[in-house]
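Chains, contacts and geometry: an overview
Next come the chains, spelled out residue by residue.
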Amino acid sequence: MATMLPASPALQWLRANLFSSLPNTVATLCILYLTWTLLPSFLNWALVSAIWSAPDGRLCREAQGAGACWAFITEKHRFILFGTYPYDQHWRPALAVAMLIVLYGASALRSLWRPRLVIVWLAGLAVIAVLMWGGVFGLSYVENERWGGLILTLLLTTFGIAFAFPLSILLAVGRRSAMPLIRLMSVAYIEIIRGVPLISVLFMASVMLPLFLPGGVFIDKLLRAQTAMILFAAAYLAEVVRGGLQALPRGQDEAAQALGLTYWQRHRFVILPQALRIAIPPLVNTFIGFFKDTSLVVIIGLFDLLTTIKVSLNEPAWTGFGVEAYLFAAFVYFLFCYPMSRYSQALERRLARGAAAPMIREN
Amino acid sequence: MAHEFPRPGGGRSSRIVWLRYDSRARAIVYQVLLAAALGLAFWFVIANTAENLAARGIASGFQFLFREAGFEISETTFLSYNAGSSYLRAIAVGVLNTFRVAVIGIVLATSLGTLIGLARLSRNWLLGTLAAAYVELIRNVPLLVQLFFWYVVVTEHFPAPADALNPLPGVFISNRGIVFPIPRSPFELDYPELTAFNFSGGGAVSPEFAALLLGLVIYTASFIAEIVRAGILAVDRGQFEAAQSLGLRPWQAMRFVILPQALRAIVPPLTSQYLNITKNSSLAVAIGYPDLVSICNTIINQTGQAIEGIAIIMFVYLTISLALSAFMNRYNRLAALKGGNP
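Residues numbered from 1 in each chain as written. Chains lettered and ligands numbered in written order. Predicted model: local features only at pLDDT ≥ 70, side-chain atom pairs only at ≥ 80, totals over all residues.

With that settled, consider the sheet that holds strand 3 (residues 177–180) of chain B. Residues and elements named next belong to chain B. Read across the sheet, four strands follow the order 1-2-3-8 without closing on themselves; strand pairing throughout is antiparallel. Either end of the sheet is taken by a strand with one partner, and the two such strands are strand 1 (165–168) and strand 8 (203–205). Looking at each pair of strands side by side, their axes are set apart by 20° on average, direction ignored. Of the strand pairs in this sheet, strand 3 and strand 8 are connected by three bridges, and their pairing is antiparallel. Counted as the bridge partner of V179 is A204 from strand 8. (Pairing = 2+ DSSP bridges. Helix = DSSP H or I, 4+ residues; strand = E, 2+ residues; numbered from the N terminus. Axes fitted to C-alpha atoms, helices over the stretch in contact; angles between N-to-C directions.)

Structure below.
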């Protein structure tokens, strides 16, 4: 580089990053050519020729696919986002979604990682429950069979993680226990759940759970799916927590023992606070995977975001616009997952402080 | 406190006191209590289930497997099947269909993932950015959304058989799936031919299979790309420089120096991706590809044998999981450092 003729920084950057060798130059030219040919027609389809509003699919069909039919989204967005929740009450799930997003945003700030945050979360969830169910403060009662769309996806994720997390800590600690029976049971639980697909756990909850309970006891579909999600998430979270426990130097436990702390005191005050801190970035990744996995409830007929989109597509007025519909679904999921993914990467860089192996996201 | 740890059987101290101080005795008590609680829970569940099954008139057991299934399966792998076959045969067809999509998916996802992982490491900024965009776009969207998307693309936007795409001689891509020539004898290929509405002859891949495979491969490749990239980054930079100073060309350095070392970091997470692809193939039920889960689901709906059906699904997947991890552990030992060579 030093022997080269002085060139402007931009030119130097181009030479180093795009045209450093013959294969590199060929690759650059190929990519530029493909972009040149594909991007304009895509932009034309997605933006220029797109139809943004129409009462039904007729206008879009007349265009014969020259442009995207975003009118489907414009027309059906209320149903897609809120499901069958009473139309004039849509502000309630909307407010609940906004509250959850604010809560998650606040939880991402390290300066707010205090015990008080748990209390704020509990208060927030209580307010959300009141908003969604109603029946008090002049809000009309809405049974949870009518909850749907984005809020259901977010609630399944939130409550799934909230209940799975304590369970996963027990499982992870149990897997390292000195007691063979407890170790065996933890290992068996974790490996069985991780060895089977989520859909089989969901089927199990939806068809087998009613068989397990005494006659007359009935739990609704939402609660059954939620139970399955909790049991499933716990096994995956347990392995992440175990990773954190394993990363902790043995000396920490030994020092705590030397201080005369009991088993539970050692875990409560010394081991878990440090192990969980190490495990935060992979925990965020598991969270992303779990958020995406909630979309599987479409298979057992729960009205989450993906189900509302599929149902909208079944309307005769709008059949045939699946590409637009699923691109929109992908966009909404991406909007949630991508920031979390970047957050986890940034957190890892800050917390790891040059740890040996980089973390790889598995789901 | 410290000078009087009572021992079990010490006689003088009460039972409560030795329970407090003797961790071995405490462990036994805990485990007995846990076993008792679990036993009770199981007994409760089994009693309820027996009662519920009796109330619904469902006979438990696996005898139903030998009865006639009575439903058609749209595609089979290796095994012949018709509505008169037994449930057991239907399940075997499901297992083979799961294997078919998983094995082909693993091969394709590994190839695509490796290419994208290497592209991300490329010194070409455009290529690197493109690969990074692929990874972030794909892995942050649920697989199920992508499967629905590909299914719609294949069934609604691919051309009709009459205008099928013909990328290679004898290969036709249409909204009825993909057809291709298969060898009829060692010297002769059976070419597909266009009939009135569809193709006949040759080998064929259904649109459901095509969509499922496309979705699984594209999704899993985004994770494999990251694994490959991290594995290569884990190899010390000095290794590459040393290989270069020995006069190896860049691809030689990659092939003989970097990759063999990177594989050690790559294989364990790759194993879990292979398991993931196998488990994720169960999403086939959502787009109507007859894999194990979707066939068992049909059987459960038809016979009411829910417990048996789900037990079969879980048993098959657990077997695959264990077999794959055993195989990968073996490979891992082979790829690990071999010391002691003179």
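At the junction of the two partners, chain A supplies 49 residues and chain B supplies 56 residues. Of all the secondary structure elements, the ones that give two or more residues to the side of chain A that touches chain B are helix 2 (22–48), helix 8 (180–195), helix 9 (198–212) and helix 14 (322–352) of chain A. Sort the elements by how many residues they give to the side of chain A that touches chain B and helix 14 of chain A lands first, with 10 residues. Considering only residue class, the side of chain A that touches chain B consists of 34 nonpolar, 12 polar and three charged. (Contact = placed C-beta atoms within 7 Å. Nonpolar A, V, L, I, M, F, W, Y, C, P; charged D, E, K, R; others polar.)

This brings us to the pairing of strand 4 (residues 182–185) of chain B. All names here are of chain B. Strand direction decides the pairing type here: strand 4 and strand 5 (residues 188–190), joined by three bridges, are antiparallel. Paired with I182 across the bridge in strand 5 is D190. The hairpin formed by strand 4 and strand 5 contains two residues between the paired strands.

Here we take up the domain arrangement of chain B. By a frequent convention, interface size equals the accessible area lost on bringing the separate parts together. If you check the domain split of chain B, you get domain 1 (2–56) and domain 2 (87–335). Look at where the C-alpha atoms of domain 1 of chain B and domain 2 of chain B centre, and you get two points 48 Å apart. (Domains from an automatic or database assignment.)

Time to look at the environment of B:L40. Residues and elements named next belong to chain B. Here L40 is to be found in helix 2 (residues 23–56). Given 10 C-beta atoms within 10 Å, L40 falls into the exposed group. Expressed as a C-alpha distance, the spacing of L40 and P183, which sit 143 residues apart in the sequence, is 60 Å. (Buried ≥ 20, exposed ≤ 12 C-beta atoms within 10 Å, placed from the backbone.)

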